[in-house]
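Structural overview for review
The residues making up each chain are set out below.
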Amino acid sequence: MTAVTSLPLAPGALPLLGHAVPLVRRPLDFVSSLPTHGGLVRIRMGTRSVVMVCDPALTRQVLLNDSIFDKGGPLFERGREVAGNGLLSCPHDMHRRQRRLCQPAFHADRFPGYNVAFADLAEDLAKSWQDRQVVDVTEALARLTAVVAVETMFARTLPAQVASQILDDFIVLSEGIFRRAVSPGVLNRLPLPANRRYRRALDRLKSTVFDIITARRAATTDHGDLLSSLANAVDPDSKGGRYSLSDEELVNQVIIFLYAGSDTTAAAVSWSLHLLAQRTDLDILLYEEARKALCDTPLVLVDPTALEMTNRVLLESLRMYPPAWLTTRTVTSDTELGGVVLPTGTTVGYSPYLIHRLPELYKEADTFEPDRWLSPPADRSAYIPFGAGARKCIGDRFGMAQAALILTAIISRWRLIPAHTRPVRAAAKVTLMPKGLHMRVLARERPY
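Source: prediction; values computed, not measured. (Residues numbered from 1 in each chain as written. Predicted model: local features only at pLDDT ≥ 70, side-chain atom pairs only at ≥ 80, totals over all residues. Heavy atoms only, no water.)

**Overview of the overall build of the protein chain**
To keep it simple, the criterion reads: Each helix is a run of H or I in the DSSP string that is no shorter than four residues. Each strand is a run of E no shorter than two, and both are numbered from the N terminus. Atoms counted for the radius of gyration: C-alpha only. Globule rule: 2.2 Å times residue count to the power 0.38. Each residue is placed in one exposure class: buried if its accessible area under a 1.4 Å probe, protein chains only, is under 20% of its type's maximum, exposed if it is over 50%, and partly exposed if it falls in between. In what follows, a contact means two residues having at least one pair of non-hydrogen atoms within 4.5 Å. The charged-residue count follows a simple rule in which Lys and Arg add positive charge and Asp and Glu add negative charge, with His and chain termini not counted at all. Here the site of a charge means atom NZ of a Lys, CZ of an Arg, CG of an Asp or CD of a Glu.
For the protein chain, the helix and strand inventory stands at 17 helices and 13 strands. At 22 Å, the protein chain has a C-alpha radius of gyration in line with the 22 Å of a compact globule built from 448 residues. If you line up the protein chain on its principal axes, its C-alpha atoms span 65 × 55 × 45 Å. In the protein chain, which comprises 448 residues, the share counted as buried stands at 54%. Considering only intrachain contacts with a sequence separation of at least 6, the fraction spanning at least 24 residues in the protein chain is 75%. Distance between charge centroids for the protein chain: 6 Å, based on 53 positive and 46 negative side chains.

**Describing the sheet that holds strand β13 (residues 438–443)**
Heads up, the condition is: Two strands form a pair only when DSSP identifies at least two bridges running between them. To get an axis, fit a line to the C-alpha atoms, keeping to the stretch in contact for a helix; angles then go from 0 to 180 degrees between the N-to-C directions.
Read across the open sheet, the three strands follow the order β5-β13-β10; overall the sheet is antiparallel. Taken across any chain shown, the strands that pair with only one partner, and hence form the sheet edges, are β5 (134–136) and β10 (414–418). Strand-to-strand twist of the sheet, defined as the mean angle between neighbouring strand axes without regard to direction, takes the value 40°. As judged from the three bridges shared by β5 and β13, these two strands associate in the antiparallel manner. Counterpart to Asp136 in the pairing with β13 is His438.

**What to know about the environment of Val148**
Mapped onto the fold, Val148 is located in helix α7 (residues 137–154). C-alpha separation for the pair Val148 and Ile68, spaced 80 residues apart in sequence, amounts to 36 Å. Other than its neighbours up to four places away in sequence, Val148 contacts Ala117, Phe118, Leu121 and Gln402.

**Concerning the packing of helix α13 (residues 263–276) against helix α17 (residues 396–411)**
The criterion, for reference: Convention used here: angles under 35 degrees read as roughly parallel, angles over 145 as roughly antiparallel, angles from 65 to 115 as roughly perpendicular, and any remaining angle as oblique. What makes a crossing left-handed is the near helix being turned counterclockwise from the far one by less than a right angle; a clockwise turn instead makes it right-handed. Gly counts as polar in this scheme, as do all residues outside two lists: the nonpolar Ala, Val, Leu, Ile, Met, Phe, Trp, Tyr, Cys and Pro, and the charged Asp, Glu, Lys and Arg.
α17 packs onto α13 with a crossing angle of 40° between their chain directions and a minimal axis gap of 9 Å. Between α13 and α17, the interaxial angle falls into the category oblique. Along this stretch, α13 crosses α17, giving a crossing that reads as right-handed. Each of Thr265, Val269, Ser272, Leu273 and Leu276 in α13 lies in contact with α17, whose residues at this interface are Gly399, Gln402, Ala403, Ile406, Leu407, Ile410 and Ile411. Residue composition of the contact of α13 with α17, grouped by class: eight nonpolar, four polar and no charged.

**Section: the sheet that holds strand β8 (residues 340–342)**
The three strands are arranged β1-β8-β7 in an open sheet whose pairing can be described as mixed. Edge positions in the sheet fall to β1 (2–3) and β7 (335–337), since each of these pairs with one other strand and no more. By the bridge criterion, three bridges tie β7 to β8 in an arrangement that is antiparallel. Counted as the bridge partner of Leu337 is Val340 from β8.

**Some points on the environment of Ile284**
Mapped onto the elements of the fold, Ile284 is located in helix α14 (residues 280–293). Residues Ile284 and Arg415, 131 residues apart in the sequence, show an inter-C-alpha distance of 9.0 Å.

**Topic: the side chain of Asn115**
Relative to the elements of secondary structure, Asn115 occurs in helix α6 (residues 111–128). Those residues in contact with Asn115 that sit more than four places away from it in its chain are Val300, Pro304, Ala401 and Leu405.

**With respect to the nonpolar core**
Inclusion rule: In this description, a nonpolar core means a group of buried Ala, Val, Leu, Ile, Met, Phe, Trp, Tyr and Cys residues linked to one another through side-chain atoms lying within 4.5 Å.
Of all hydrophobic cores here, the largest spans 145 residues; its most connected members are Leu34, Leu141 and Leu273. Per-element tally for this core: the top contributor is α17, with 11 residues. Not counting the four nearest positions on each side in its chain, Leu141 is found in contact with Leu125, Ala266, Val269, Ser270, Leu273, Ile406 and Ile410.

**Focus: the packing of aromatic side chains**
Here the distance between the centres and the angle between the planes together describe a pair of aromatic rings. Going by this rule: Side-chain rings of Phe, Tyr and Trp (the six-membered ring for Trp) are treated as a pair once their centres are within 6.5 Å; stacked means planes under 30 degrees apart, edge-to-face means over 60, and tilted covers the remaining angles.
What the rule picks out here adds up to 10 aromatic pairs. Ring centres of Trp271 and Tyr321 lie 3.7 Å apart, and the angle between their planes is 5°; this geometry places the pair in the stacked category. You can see Trp271 sitting in helix α13 and its partner Tyr321 sitting in the loop between α15 (308–320) and β6 (327–331), a full 50 residues away along the chain. By relative accessible area, Trp271 is classed as buried at 2%. Taking the relative accessible area as the measure of exposure, Tyr321 reaches 14% and is therefore buried. When the centroid spacing of 6.5 Å and the interplanar angle of 55° are considered together, the rings of Tyr362 and Trp373 count as tilted. Of the two residues, Tyr362 sits in the loop between α16 (352–356) and α17 while Trp373 sits in the loop between α16 and α17, which places them 11 residues apart along the sequence.

In structure tokens:
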């Protein structure tokens, strides 16, 4: 057996900062370079050592054994600042109960109601653009999906000012979590403008959501939204008499689902539009599918799962640019991984982006090829945009449905082309977002 300290340290670490510079400035290049050092390699997030897993089989071992490789490490510690021990970030011993309580919110019979918000707001955005207009696609979709997340959570019951404040606060938090995770703790405690802005947004968001929940509890009306489902959920198998979510737990779930329902979907659709702009042939096929689907049916009644080409595009975009591109776990008891002894408390990291680009797993891994999903591999264990095992994303179907309808609303009206020749880069955030994705929208009656 090998000790953790004998694992190679990735080059480029700086005193105090660790690998913060490459993680922020060139995150994808940095994680892609790690397999050259072996199946396991050490990096530093600030002053903390992280064992990065670069082998697909070892990554799956981490994902499936969530009691030993528990949610933890710098990314989840920063996430808990925002959402406490909600479903996404809670430790193993709290997860099963929360999963059972949250599952009804994602039951198939609630999707028609959610699809109304998906379709209406997506069409509002697509109709608002003008021919030859230059659009900051990432910003537009981030705002759209945040509004969708708020409306599916609260069923359009919030005053416009309150909804707008929630959106603004959430954007501040989502931009700050990754920066705080890779920075030394001492920098996060300094009274810097970014830290003060982060703290103000966090305090205000929690207070606002708590007030909404208090009012909703008093009203006892089921609005058919996510919040009603979460507030009314009962789990008779819960231990200790905790059969429903407490107000604090409900605040945490609301904040987590606002994040999970917005940034990840915005990223998936943004990267899809970026990739389609480089493949006119695929753009035409997607347009034909959208036109056929909308021939006699309004978007709100379109079955997202029936959009076969659209879903293949999304699957491939999620392979190439998985939103949760880097995450961490904490070892809860001494264990062995790939012949290396990992003591209790070791921080382990893995990157779906890294795994999805391994040439031994995917032929021409750096090529955008949606047709590879016409015959999906029998073993999709190395396709992990939503994670795997008991901690797999509870809202994967919710996100895919939303993304498919948004993409259809846009593609049915517009062809998008790059507005400039500058390369599109990935922004270093918790979610892998394209930075500088400015595109010109061309009305579909224009010839190719």
